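Listed below are the residues making up each chain.
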Amino acid sequence: MKWKSPILFFSLLIAVACGSNSTYKKTISKEGKIIEFAEHFELIQDSGFVRLHILDAENKSIKFKAVLAKKVPSSLPKDYVFIQTPVKRMIALSSTHIGMLSKLEGINSVVGVSNQNYLDNKELIDRTKSGKAIELGDEGMIPMESIVRSQAELIVFSDFGNPFPHAAQLTKLGFTILPNVDWREEQPLGKAEWIKLYGYLIGKEKESIKIFNSIKEKYLELKQEMKLVSKRPSVISGNLIGDIWYAPNGKSYNAQLISDAGGEYVYAKTEGTGSIMRSMEQILSENRSTKFWINPGFKSKQEITVYNPKLKLVPAFQNNQVYCYSARMNYFWEMSAVEPHLVLEDLILIFHPELAKKKTFNFYSRIN
Amino acid sequence: MEKRHRILLIIALVLLPVLAYFHLTIGQIQLSSADFYNAVFNYSDSETAQLLVREFRLPRLIMAIVAGSSLAIAGMLMQTLFNNPLAGPYVLGINSGASLAVALGTLSGISMFSSNIGLIGLALIGALVFGFIVLGFSLFVRNSLSLLLVGIMIGSFTSAITSLLQTISSADSLKVFTIWGMGSLQQVELSQIGIITVFFILGIFFSFFLIKPLNALVLGENASLLLGVPVKNLRIIIIVITALLAGLVTAFCGPIAFVGLAIPNLCKMLFKTQQHLVLLLGNILLGALFLISCDILVQGLEPFILVPINVITSIVGAPFVIFIILKRLA
């Protein structure tokens, strides 16, 4: 019977390997497209390399084109930048980038971050403390010499419309600057799918597809369950900045999450994907019966009233129905984009505690 | 007081309740007379309409009156003291002092300083500290023009430090500071109106005692001295009253531009007099009318765009100041 074990082991190994490969292949469409939900980037399998297109945040035209491959292809397509993979030294300036790299266990490729105070990932904090990753400061004012010192192969930055500082000089020096517009995705799964970009960059393509498929499955399952709920509690999101309350628009990422979690977002019918602005008078008159207030951005009710005493007039505040991710702010910003199913679990626990399978929060907590 | 002055003042006095009525009723939420009556005499916080009147519209209107009048009086005092129509309540560095204190507090990242109360406290401290610094200078600097330059230099100095703090602050802190700098009449609460009104009335009350010496000061410092006006003491009192009034407004509303510069000039053009009794009453009324009008515009634009009050006062005030300069050159 001894001979059976190695055979069984190798059979299993082959089965797992084939399974992983077939999942990988299934994910790629006939046209070579690797992306299902994201609307602001494309990964296209070509012969011997992968084309990366980053699309403009506003008009979805192709803003950045790159070829990802281990070696320079014999015929590099015109206007494409070549990015040699796996990228071993990367500057990642946004929390969501770090969260995705963390999920892929690729933090060891990060050699530069914006600010250590915004980090939650312990490994990366240790890397910055030991000098393996350097702090570059605010994106708009990064000194060029710091970037040169980092010896990064690739700089990934959140593109909000402004060019990266010293972009022309850095390109001349051989740095590749990759704009990231994951913030513009309207669908939670669209934003999470950006993990594939990082997977392809650091040579963990299959892992990234596997992780994303697992996230997708869990998210869609929860969403399907919530489609059946008969009562949808009303929800408001956001807070005052000065005299203006900024709330997510009806087609935004946050509005989608509320809807998928079985909530009735008060401003669901507003158009657009950014924020709507409301005066405090409007907020009060339009939210007299709104049950939940999420994402005020503070840790306690006291902090909220100190920030602006008029916020205590919001009925959900008076009824103790305020929830936020503020207890672990950095953790939320790092991981929520890549794990939208966990955000969804939290929102379901807030809106429909009787239906929630998991009875503890991942990111959120009640604000007391 | 001339008949013409009386007529103009009565017109302004009649316009005040008319504009105040518009200000109270123009918001996006329609409110009835009964809502206003009940909000004052029969208040129930479960009624949204009454809540809006009591917590938002009344404090906002009162603040518009207080801020407009205070800045206009402070501007008038400064223009007479420095005998310069381009002087304003903020030339003493009061605004810059308040800004520096708010910048130090908010940009430090300490959340308490980013709160409503924190901002009020910081601005008040900053305004008073810099008011007293200039007051200290006024004891040694005899010439008003030199004192004006000292005020401007202090303003430049504090602005430079504020800019430095801005470059090293976090995005959130910078946002709080920037929004504070846009000014707002909506931050004040009904419970704060009492203390605001007390300081406002004190400022106006003491201003009335200055009417005669101010009339003399128009003739110049030397002439005033010959007329027996204690110019040095007068200067100190004017600075204290200006710091009080401008500091009060800056603390509760943030810096509000151009009111203190434009309204005293408008008053002089309308009333065509140097009599400070007329100018004082005129500034109180016109300052209030101007800021109420600007805020009506803010509220009228609210369905389309939310505009900070400073944007409106600057858009209206800046061309007017240019007009004054050109008129003087002509």
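Computed from a prediction, not measured in an experiment: that's the story for all the values here.

The rules we used
- Residues numbered from 1 in each chain as written.
- Chains lettered and ligands numbered in written order.
- Predicted model: local features only at pLDDT ≥ 70, side-chain atom pairs only at ≥ 80, totals over all residues.
- Heavy atoms only, no water.
- Helix = DSSP H or I, 4+ residues; strand = E, 2+ residues; numbered from the N terminus.
- Rg over C-alpha atoms; globule rule 2.2 N^0.38 Å.
- Buried < 20%, exposed > 50% of the residue type's maximum accessible area, 1.4 Å probe, protein only.
- Contact = heavy atoms within 4.5 Å.
- Areas by Shrake-Rupley, 256 points an atom, 1.4 Å probe, with all protein chains shown as cover.
- Lys, Arg positive; Asp, Glu negative; His and termini not counted.
- Charge placed at Lys NZ, Arg CZ, Asp CG, Glu CD.
- Domains from an automatic or database assignment.
- Buried area = accessible area lost by both parts, 1.4 Å probe.
- Salt bridge = Lys/Arg side-chain N within 4 Å of Asp/Glu carboxyl O.
- Polar contact = N/O pair within 3.5 Å; in protein donor to acceptor, adjacent residues only side chain to side chain.
- Nonpolar A, V, L, I, M, F, W, Y, C, P; charged D, E, K, R; others polar.
- Pairing = 2+ DSSP bridges.
- Right-handed = clockwise from strand over helix to strand, strands pointing away.
- Phe/Tyr/Trp six-rings, centres within 6.5 Å; stacked < 30°, edge-to-face > 60°.
- Lys NZ or Arg CZ within 6 Å of the ring centre and 35° of its normal.
- Expected span 1.5 Å × (residues − 1).
- pLDDT = per-residue confidence, 0-100.
- Patch = residues over 30% accessible without salt bridge, like charges linked within 9 Å, V, L, I, M, F, W, Y side chains within 5 Å.
- Axes fitted to C-alpha atoms, helices over the stretch in contact; angles between N-to-C directions.
- Parallel < 35°, antiparallel > 145°, perpendicular 65-115°, else oblique.
- Left-handed = near helix turned anticlockwise from the far one by under 90°.

Chemist: Give a detailed account of the overall build of chain A, specifying residues and quantitative values.
Modeler: Scanning chain A for helices and strands turns up 14 helices and 17 strands. Its C-alpha radius of gyration of 22 Å places chain A within 12% of the 21 Å reference for a compact globule of 368 residues. Evaluated residue by residue, chain A yields a buried proportion of 54% over its 368 residues. In chain A, the proportion of contacts linking residues at least 24 apart, taken out of those at least 6 apart, comes to 57%. Looking at chain A as shown, the accessible area adds up to about 17,300 Å², and 54% of this sits on carbon and sulfur atoms. For chain A, the distance from the average site of its 48 positive side-chain charges to the average site of its 39 negative ones is 5 Å.

Chemist: Lay out the domain arrangement of chain A in plain terms, naming residues and giving numbers.
Modeler: Residues and elements named next belong to chain A. Each assigned domain of chain A is listed here: domain 1 (26-217) and domain 2 (229-366). Tallying the contact residues gives 22 residues for domain 1 and 17 residues for domain 2. In total, about 1,600 Å² of surface goes out of reach between domain 1 and domain 2, with carbon and sulfur atoms giving 59% of it. For domain 1, the biggest contributors to the area lost against domain 2 are D120, E186 and P188; these three give 34% of the whole. Scanning the region where domain 1 abuts domain 2 turns up two salt bridges. On the surface where domain 1 and domain 2 come into contact, there are five residue pairs in polar contact (both at pLDDT 80 or more). Of all elements in the fold, only helix 2 (95-103) and helix 6 (188-192) reach the threshold of two or more residues within the side of domain 1 that touches domain 2. With seven residues, helix 2 is the largest single contributor of residues to the side of domain 1 that touches domain 2. Residues that form the side of domain 1 that touches domain 2 fall into these classes: nine nonpolar, seven polar and six charged.

Chemist: Quick rundown of the pairing of strand 9 (residues 176-180) of chain A? Include the residues and the values.
Modeler: Regular strands have side chains that alternate between both faces of the sheet. Residue and element names in this part refer to chain A. Of all five residues that make up strand 9, five are buried, and the element is covered over most of its length. On strand 9, burial covers both faces: T176, L178 and N180 on one face and I177 and P179 on the other are all buried. Of the strand pairs in this sheet, strand 8 (residues 154-158) and strand 9 are connected by five bridges, and their pairing is parallel. Counted as the bridge partner of S158 is N180 from strand 9. For the crossover that starts at strand 8, traverses helix 5 (residues 167-172) and ends in the parallel strand 9, the hand is right-handed.

Chemist: Kindly report on the packing of aromatic side chains, identifying the contributing residues and their values.
Modeler: All told, the structure shown has 23 aromatic pairs over all chains when counted by the stated rule. Pairing F205 of chain B with F209 of chain B gives two aromatic rings, centres 5.1 Å apart and planes at 75 degrees, and the pair type is edge-to-face. Here F209 of chain B and F205 of chain B lie together in helix 8 (residues 190-209), a separation of four residues that amounts to about one turn. Every member of this aromatic cluster is reached through a ring pair, and the members are Y325, Y331, F332, W333, F363 and Y364 of chain A. The cationic tip of K301 of chain A hangs over the ring face of F317 of chain A; the distance from NZ or CZ to the ring centre is 4.6 Å.

Chemist: Would you mind going over the pattern of salt bridges in detail, with residue names and values included?
Modeler: Across all of its chains, the model carries 19 salt bridges over all chains by this definition. The salt bridge involving E221 of chain B is made with R235 of chain B; its shortest N-O contact spans 3.7 Å. A residue pair is termed long-range when its members are at least 10 positions apart, and E221 of chain B in helix 10 (residues 221-226) and R235 of chain B in helix 11 (residues 231-253) qualify at 14 residues. Judged by its relative accessible area of 23%, E221 of chain B falls in the partly exposed class. In this structure, a network of salt bridges that share partners links the residues E221, E225 and K357 of chain A.

Chemist: Describe the interface of chain B and chain A, listing the residues and the values that go with them.
Modeler: Size of an interface, as often reported, equals the accessible area lost when the parts are brought together. Each side of the interface is counted separately: chain B has 27 residues, and chain A has 22 residues. In total, about 2,200 Å² of surface goes out of reach between chain B and chain A, with carbon and sulfur atoms giving 60% of it. Counting across the chain B and chain A interface gives two salt bridges. Note that R57 of chain B is salt-bridged to E281 of chain A, the shortest N-O span being 2.8 Å. Connecting chain B to chain A are nine residue pairs in polar contact (both at pLDDT 80 or more). It is helix 3 (residues 48-82) of chain B that provides the largest number of residues to the side of chain B that touches chain A, a total of six residues. Partitioning the side of chain B that touches chain A into residue classes produces ten nonpolar, eleven polar and six charged.

Chemist: Talk me through helix 8 (residues 205-227) of chain A; I want residue IDs and the actual numbers.
Modeler: Over its 23 residues, helix 8 of chain A extends 32 Å from the first C-alpha to the last, a length consistent with the 33 Å expected when each residue adds 1.5 Å. Within the sequence span of helix 8 of chain A, burial applies to S208, I209, I211, F212, N213, I215, K216, Y219, L222 and M226 of chain A.

Chemist: Pulling in residues and values, what's your account of the confidence of the model for chain A?
Modeler: With 91% of its residues at a pLDDT of at least 70, chain A reaches an overall mean of 89. A low-confidence stretch, residues 1-20 of chain A (pLDDT under 50), is modelled with one contact involving residues beyond four sequence positions or located in other chains.

Chemist: Kindly report on a nonpolar patch on the surface, identifying the contributing residues and their values.
Modeler: Residues I7, I10, I11, V14, L15, V18, Y21 and F22 of chain B make up a contiguous nonpolar surface patch of roughly 750 Å² in combined accessible area. In this structure, I11 of chain B sits in helix 1 (residues 3-25).

Chemist: So what's going on with the packing of helix 3 of chain B against helix 8 of chain B? Which residues, and what values?
Modeler: Residue and element names in this part refer to chain B. Packing of helix 3 against helix 8 brings their axes to within 10 Å, and their N-to-C directions diverge by 25 degrees. Relative to helix 8, helix 3 is oriented roughly parallel. The handedness of the crossing between helix 3 and helix 8 comes out as left-handed. Facing helix 3, whose interface residues are R54, P59, I62, M63, V66, S69, S70, I73 and L77, helix 8 presents L190, I193, I196, F200, I204 and S207. Grouping the amino acids of the contact of helix 3 with helix 8 by side-chain chemistry returns eleven nonpolar, three polar and one charged.

Chemist: Account for the sheet that holds strand 10 (residues 234-237) of chain A, with residues named and values stated.
Modeler: All names here are of chain A. One open sheet holds the five strands; their spatial order is 13-10-15-16-17, and the pairing between them is mixed. Pairing within the sheet leaves two strands with one partner each, and these edge strands are strand 13 (264-265) and strand 17 (365-366). As defined by bridge partners, strand 10 adjoins strand 13 across two bridges and the pair is classed as parallel. Along strand 13, the bridge assignment pairs V235 with Y265. Strands strand 10, strand 15 (292-294) and strand 16 (322-324) of the sheet are contacted by helix 14 (residues 340-351), whose axis makes an angle of about 155 degrees with strand 15.

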